[in-house]
Amino acid sequence: MKKKDILSLIKHHCEGDDDRFKEVAHSIALDFDRSGDTRLSEFILGYLSEPNTLSIQMLENEPMFYTRFRPSPNAPELPDAIRLDVKGIYNAITRKADVSKFLLYGPPGTGKTEYVKNLAYLLDRELYFIEFDTIVNSKLGETTKNIKGLFDEIRHVSNPDGCIFLFDEIDALAMDRVNSRDLREMGRATSAFLKEMDRTNGSFLLFATTNLFKYLDDALIRRFDAAIDFGRYTKEDLSDISEMLMEDLLDQYPFASRDKRLFKKIIGMADALPYPGELRNQLKNSVVFSDEDDEYDYLKRLYIFYSKLSLFPRI
């Protein structure tokens, strides 16, 4: 849910604009449904249709610090080195080895979150998502309190053996405690987080992602059973992935014709290719913005884009 939606709700309520209030609330309900929190979505929609028959007490037992995510059947395209490591995670879990905490690190767009969503699908487990924006609080002591509240909620989940918890961008909380720029409050919060990690058992799976691995506290890293580097893409890996992505796109948009040789030549022009998340968007835009009357217009667009990109190599 976006901050502007909250502001819109308040504005329309204060102005007495009931129609616009319901319109924004309906949009919020759809956002919750898309993110996988179907129960809250149904509650909002039901309350909008029959407000006098529902009670806010229905949500009293709802978790405050995490939301349900939909597992995904779509596995991210990963290089062999990373694929071997994540296959090892799957093997360890299915063999019921005593491992349950995993740290995934690497730049944005490398497939960390998509991998966990796909793993939840393969293991047929519920997936719950924790954003640390909801945990960190500027008020003294509130972050530590929220951390304890989060782990209390996790420990009381009804079916721990059927759950995966994903801690997204854990670096927002657990930066190196000896860093002179850290606030004392965040040092206490990190210590509290470490203690709660130590208290967790292996009944549920816990994954954490970070884009800033080198800044993480060593004591935190040691709490995980394995840390997987998702940044191990070569240019050849990204070139191969771009071909697979483009093949999928051309299956979806048959008005564009294939020319694999020319596509590979254009992709090869760039001094560096972006990671799969951004790469997917670039390729998709070249197709969906192309002229349907020109079956190779997407290639012309890619040529213009990557010929410019090659002038500014990624450092």
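Residues numbered from 1 in each chain as written. Predicted model: local features only at pLDDT ≥ 70, side-chain atom pairs only at ≥ 80, totals over all residues. Heavy atoms only, no water.

Across all of its chains, the model carries 15 salt bridges by this definition. A salt bridge links Glu 243 to Lys 264; the nearest nitrogen and oxygen atoms lie 3.9 Å apart. Of this pair, Glu 243 sits in helix H9 (residues 235-252) while Lys 264 sits in helix H10 (residues 260-267), and the two are 21 residues apart along the sequence. (Salt bridge = Lys/Arg side-chain N within 4 Å of Asp/Glu carboxyl O. Helix = DSSP H or I, 4+ residues; strand = E, 2+ residues; numbered from the N terminus.)

Attention now goes to the environment of Phe 132. Looking at where Phe 132 falls in the secondary structure, it is placed in the loop between strand E3 (126-131) and helix H6 (142-155). Accessibility expressed as a relative area gives 2% for Phe 132, which makes it buried. Sequence separation between Phe 132 and Ala 172 is 40 residues; the distance between their C-alpha atoms is 6.4 Å. The residues contacting Phe 132, other than those within four sequence positions of it, are Phe 167, Asp 168, Glu 169, Ile 170, Ala 172, Leu 173 and Phe 193. (Buried < 20%, exposed > 50% of the residue type's maximum accessible area, 1.4 Å probe, protein only. Contact = heavy atoms within 4.5 Å.)

On to helix H11 (residues 276-288), then. An ideal rise of 1.5 Å per residue puts 18 Å on 13 residues; H11 measures up with 18 Å between its terminal C-alpha atoms. Among the residues of H11, Pro 276, Leu 279, Gln 282, Leu 283, Ser 286 and Val 287 are the ones counted as buried. With its buried residues spanning 135° around the axis, H11 presents them on a single face. (Expected span 1.5 Å × (residues − 1). Arc of directions from axis to C-beta.)

Our focus in this paragraph is the side chain of Ser 286. Along the chain, Ser 286 turns up in helix H11. Ser 286 gets classed as buried once you look at its relative accessible area, which sits at 6%. Excluding residues within four positions of it along the chain, Ser 286 makes contact with Met 246, Tyr 298, Arg 301 and Leu 302.

In this section: the nonpolar core. If you look at the biggest cluster of nonpolar residues, it comprises 42 residues, and the most contacted ones within it are Tyr 115, Ile 164, Phe 207, Met 246, Leu 283 and Tyr 306. The leading source of residues in this core is H9, at six residues. Those residues within four positions of Tyr 306 in sequence are excluded, and the remaining contacts are Ile 266, Ile 267, Met 269, Ala 270, Leu 273, Leu 279, Gln 282 and Leu 283. (Core = buried A, V, L, I, M, F, W, Y, C linked by side-chain atoms within 4.5 Å.)

In a beta sheet, neighbouring strands pair by backbone hydrogen bonds and run either parallel or antiparallel. Strand order in the open sheet made by the six strands is E1-E3-E4-E5-E2-E6, with mixed pairing throughout. Here the strands that pair on one side only, and so sit at the sheet edges, are strand E1 (67-69) and strand E6 (226-229). Neighbour-to-neighbour, the strand axes of the sheet open up by a mean angle of 25°, direction not taken into account. Each of E3, strand E4 (163-168) and strand E5 (205-210) is contacted by H6, which is oriented at about 160° to E4, the strand it contacts most. (Pairing = 2+ DSSP bridges. Axes fitted to C-alpha atoms, helices over the stretch in contact; angles between N-to-C directions.)

In this model, H6 (14 residues) spans 20 Å end to end at C-alpha, consistent with the 20 Å of a helix rising 1.5 Å per residue. Listed in full, the buried residues belonging to H6 are Thr 143, Thr 144, Asn 146, Ile 147, Gly 149, Leu 150, Phe 151, Glu 153 and Ile 154.

This part covers the packing of H9 against H11. Across the interface, H9 lies against H11 with an axial gap of 10 Å and an inter-helix angle of 40°. Put simply, H9 runs oblique to H11. Handedness of the H9/H11 crossing: right-handed. Along the contact surface, H9 presents Leu 238, Ile 241, Ser 242, Leu 245, Met 246 and Leu 249, while H11 presents Pro 276, Leu 279, Arg 280, Leu 283, Lys 284, Ser 286 and Val 287. Among the residues making up the contact of H9 with H11, the classes are represented as nine nonpolar, two polar and two charged. (Parallel < 35°, antiparallel > 145°, perpendicular 65-115°, else oblique. Left-handed = near helix turned anticlockwise from the far one by under 90°. Nonpolar A, V, L, I, M, F, W, Y, C, P; charged D, E, K, R; others polar.)

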